[in-house]
Amino acid sequence: MNDENEKNRIDENDVGASSGDSPVEKKIASRRKGLVGIAVAFNLVMLLVFKYAGFLVEIINVIPGIRIPVPQLAQPVGLSFYTFQMIAFLVYAWR
């Protein structure tokens, strides 16, 4: 009877899955971190395109021999606010 209790008893060191030490959990965490990084980068690129595309093209057009038409993009209202809200949400959900 005592041997059965010893077999059924859970050792505190055997509960490695809950601590995040398994290779599978590390791989999943690494993949999630990469996806969050891609999503944050995408949001920042969209912000930069809408806010600074015309400015960057004008700077490039200063170089002699280069003539690129300046894009006239309408900036959505509240783009910066929504971008940073989305980034905050992504980081919060990742943690």
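If you're wondering where the values come from, they're calculated on a predicted model, not measured in any experiment.

*Asks:* What's the story with the packing of helix α2 (residues 23-61) against helix α3 (residues 79-94) in this structure? I'm lost.
*Replies:* What describes two packed helices is the angle between their axes and the distance between those same axes. It is the contact of α2 with α3, at a shortest axis distance of 10 Å, that shows an interaxial angle of 175°. By the angle between their directions, the pair α2 and α3 is classed as roughly antiparallel. Seen from α2, the contacting residues are A29, R32, K33, V36, A39, V40, N43, L44, M46, L47, F50 and K51; seen from α3, they are L79, S80, T83, F84, M86, I87, L90, A93 and W94. Of the residues that constitute the contact of α2 with α3, the class distribution is 15 nonpolar, 3 polar and 3 charged.

*Asks:* I would appreciate a short explanation of the side chain of N61 in the present structure.
*Replies:* In this structure, N61 sits in helix α2. Accessibility expressed as a relative area gives 12% for N61, which makes it buried. Setting aside residues up to four positions removed in sequence, N61 forms contacts with I66, R67, I68 and V70.

*Asks:* Please clarify how the environment of V49 should be interpreted in this entry.
*Replies:* Looking at the secondary structure, you find V49 in helix α2. Taking the C-alpha atoms as reference, V49 lies 9.5 Å from Q75; in sequence the two are 26 residues apart.

*Asks:* I would appreciate a short explanation of α3 in the present structure.
*Replies:* Residue pairs three or four apart in sequence face the same way in an α-helix, which turns once every 3.6 residues. Relative to the 22 Å expected for 16 residues at 1.5 Å per residue, α3 spans 22 Å between its end C-alpha atoms, a close match to the ideal helical length. Every buried residue of α3 is accounted for by L79, T83, I87 and L90. Looking down the long axis of α3, one finds its buried residues gathered within 65° of arc, a one-sided arrangement. Exposed residues pointing more than 90 degrees away from the buried face of α3 are listed as Y82, F89 and Y92. Buried positions along α3 lie against α2.

*Asks:* What's the story with the side chain of T83 in this structure? I'm lost.
*Replies:* For T83, the position within the fold is in helix α3. Residues contacting T83, with those up to four places away along its chain left out, are N43 and L47.

The rules behind these values
- Residues numbered from 1 in each chain as written.
- Predicted model: local features only at pLDDT ≥ 70, side-chain atom pairs only at ≥ 80, totals over all residues.
- Heavy atoms only, no water.
- Axes fitted to C-alpha atoms, helices over the stretch in contact; angles between N-to-C directions.
- Helix = DSSP H or I, 4+ residues; strand = E, 2+ residues; numbered from the N terminus.
- Parallel < 35°, antiparallel > 145°, perpendicular 65-115°, else oblique.
- Contact = heavy atoms within 4.5 Å.
- Nonpolar A, V, L, I, M, F, W, Y, C, P; charged D, E, K, R; others polar.
- Buried < 20%, exposed > 50% of the residue type's maximum accessible area, 1.4 Å probe, protein only.
- Expected span 1.5 Å × (residues − 1).
- Arc of directions from axis to C-beta.

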